[in-house]
Amino acid sequence: MNVHETRFDRPDADQGVDQLLIDRDSSFVERGAAVAATAGAEAEDVDRKGRFPKAAIDAAREQKLLGMQIPVALGGFGASIFDVTDICYALGRACASTAMIFAMHQTKVACLVRHGMGSAYHEALMRRVAAEQLLLASSTTEGQNGGNIRSSAAAVECSDEVISLVRNATVISYGAEADGIVTIARRANDAASCDQVLLAVTKENYTLERNLGWETLGMRGTCSAGFELKIEGPSSMIFSEPYERIHAQTMTPVAHLCWSSAWAGIAAAAVERAQRFIRKAARGAGGQMPPGAAHYTAARMALTRLRAMITANLDVYATHEYDERALASLDFQSAINLLKVQASELAVETVMNAMRACGLAGYRNDGEFSVGRHLRDALSAPLMINNDRVLANIATATLMSGVPAALRD
Ligand SMILES: Cc1cc2nc3c(=O)[nH]c(=O)nc-3n(C[C@H](O)[C@H](O)[C@H](O)COP(=O)(O)OP(=O)(O)OC[C@H]3O[C@@H](n4cnc5c(N)ncnc54)[C@H](O)[C@@H]3O)c2cc1C
């Protein structure tokens, strides 16, 4: 059994006895595996048609995984970051788009759980996420601003207790399919671009008008189109904490851990295909290893490094999850940002090695050893908040923090 595996202790109150027993007996690993099986079955079609992985997300709803992080008291399972990232990895092995949708949704839920307690609006939304298995999308990218998340153009307008916001949302993955959106905005018209708030909004309070399509190389099932996002509703939709703090404590760490786990899953799937290819080739040659075997070994090495890097960062995050000062420290912020950069590069490296191990059989878009889809999906990783931007942002911080004196510092 996985050391971080959690048993559920409180299924939804209105479920029947049978359902109650199922909930008690199913582990997150089993639930994740069930969703991964569905995701894997539709992965090629999702990629070919660039369509939303509906069956997989419906399966996640059926397994009640969309609300897994919600506290037990609010109807969820109180799942840990270990549980969530394990599922991101399992889904990444089956269908990268499903894994990324799951990863983005869980990041938004983590913000609600960590920063929404004590707010009647956000607690009610958490109850709904658990009970109705609402899918939450993310809107951070705006206009021509690229991945510069710590700067917003659109500002919240406020009159009495009602607020409104109109946002040029360049990219919202599964925007059309989501039940709610978590978005950033400038606090007010006279606020600086970095004085931001976070809002969690459900469908009743927003409209989306599509203004940009999604015809891309990979991650095609995320359906990350552009929209004009118009929000109107109660001011309680705004989180009371400034976005700056939510960004450092939750949004960045959880996004980077979940994304990296999904990318590691893609890399693992490519390694698995390369392993089958090399085994088959060796069997066909009377046990003689094919020349591409060295690339398979390189793929295994890269995957090992990738997984080690993620698990090390997971341990650090879990240790300091409730320690605001530790999360805000230069060391932690540098490490969690470098995780994104390194994990994304390693995922591409792993898949490339797997492709070279398989040769033409890997390069083909058809056949059991094809890793074309995996490569196209993995190539999104260094761009998704561009690594150049991340590295430029942390350059000063890495200069200021000391070089470790001991191995385990
Ligand atoms: C699969 C996928 C799903 C996505 N889903 C969402 C979503 O749901 N919601 C959302 O809001 N966004 C989403 N995004 C967008 C993502 O979060 C980034 O905003 C986007 O990828 C950045 O786009 P960009 O490369 O055009 O912009 P930029 O980050 O501006 O990069 C453009 C170019 O400028 C360079 N550059 C930028 N800054 C620097 C710097 N400081 N130093 C050196 N070079 C620099 C980069 O190297 C790059 O070549 C998604 C992206 C992908 C790939």
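You'll find the structure just up there.
Residues numbered from 1 in each chain as written. Predicted model: local features only at pLDDT ≥ 70, side-chain atom pairs only at ≥ 80, totals over all residues. Heavy atoms only, no water.

A.B. asks: Describe the nonpolar core, and please don't skip the residues or the numbers.
C.D. replies: F102, L198, L199, W263 and L306 are the most contacted members of the largest nonpolar core, which has 124 residues in total. Broken down by element, this core gets its largest block of residues, 19 residues, from helix 7 (residues 243-284). (Core = buried A, V, L, I, M, F, W, Y, C linked by side-chain atoms within 4.5 Å. Buried < 20%, exposed > 50% of the residue type's maximum accessible area, 1.4 Å probe, protein only. Helix = DSSP H or I, 4+ residues; strand = E, 2+ residues; numbered from the N terminus.)

A.B. asks: An account of the pairing of strand 7 (residues 225-234) is requested, with residue identities and associated values reported.
C.D. replies: Where strand 3 (residues 162-172) and strand 7 come together, 9 bridges link them in antiparallel fashion. What sits directly across from V166, in strand 7, is K230. Pairing of strand 6 (residues 206-212) with strand 7, which is carried by 6 bridges, proceeds in the antiparallel orientation. The partner of E209 across the bridge, within strand 7, is E228. (Pairing = 2+ DSSP bridges.)

A.B. asks: I'd love a proper account of the site of the ligand, names of residues and values included.
C.D. replies: Around the ligand lies a shell of 19 residues, among which T140, T141, S173, D388 and R389 are the nearest. Note that a nitrogen atom of the ligand is positioned 2.9 Å from one of the backbone N or O atoms of S138. Between the ligand and R389, the relevant distance is 2.7 Å, taken from an oxygen atom to a side-chain nitrogen or oxygen of the residue. With 3 residues, the top contributor of residues to the shell around the ligand is helix 13 (residues 387-400). (Near = heavy atom within 4 Å. Polar contact = N/O pair within 3.5 Å; in protein donor to acceptor, adjacent residues only side chain to side chain.)

A.B. asks: Go over the sheet that holds strand 7 with me, naming the residues and quoting the values.
C.D. replies: Strand order in the open sheet formed by 4 strands is 2-3-7-6, with antiparallel pairing between adjacent strands. Each end of this open sheet is capped by a strand with a single partner; those strands are strand 2 (157-159) and strand 6. With direction set aside, neighbouring strand axes in the sheet form an average angle of 15°. (Axes fitted to C-alpha atoms, helices over the stretch in contact; angles between N-to-C directions.)

A.B. asks: Break down the sheet that holds strand 5 (residues 196-202) for me, citing the residues and quoting the values.
C.D. replies: The strand order 1-4-5 describes an open sheet built from 3 strands, whose pairing is mixed. Of all the strands in the sheet, just strand 1 (136-139) and strand 5 have a single pairing partner and so form its edges. When the angles between neighbouring strand axes are averaged without regard to direction, this sheet yields 25°. Where strand 4 (residues 180-186) and strand 5 come together, 7 bridges link them in antiparallel fashion. In the sheet register, I184 faces strand 5, and the bridge partner there is L198. Against the sheet, helix 5 (residues 96-115) engages strand 1, strand 4 and strand 5, with an angle of about 90° to strand 1. (Contact = heavy atoms within 4.5 Å.)

A.B. asks: Go over the packing of helix 7 against helix 8 (residues 293-320) with me, naming the residues and quoting the values.
C.D. replies: With their axes 9 Å apart at the nearest point, helix 7 and helix 8 run at an angle of 155° to one another. In this view, helix 7 runs roughly antiparallel relative to helix 8, as classed from their interaxial angle. Both helix 7 and helix 8 take part in a crossing whose hand is left-handed. Looking at the contact of helix 7 with helix 8 residue by residue, the classes come out as 17 nonpolar, 5 polar and 1 charged. (Parallel < 35°, antiparallel > 145°, perpendicular 65-115°, else oblique. Left-handed = near helix turned anticlockwise from the far one by under 90°. Nonpolar A, V, L, I, M, F, W, Y, C, P; charged D, E, K, R; others polar.)

Distances and angles like these do not, on their own, reveal function.
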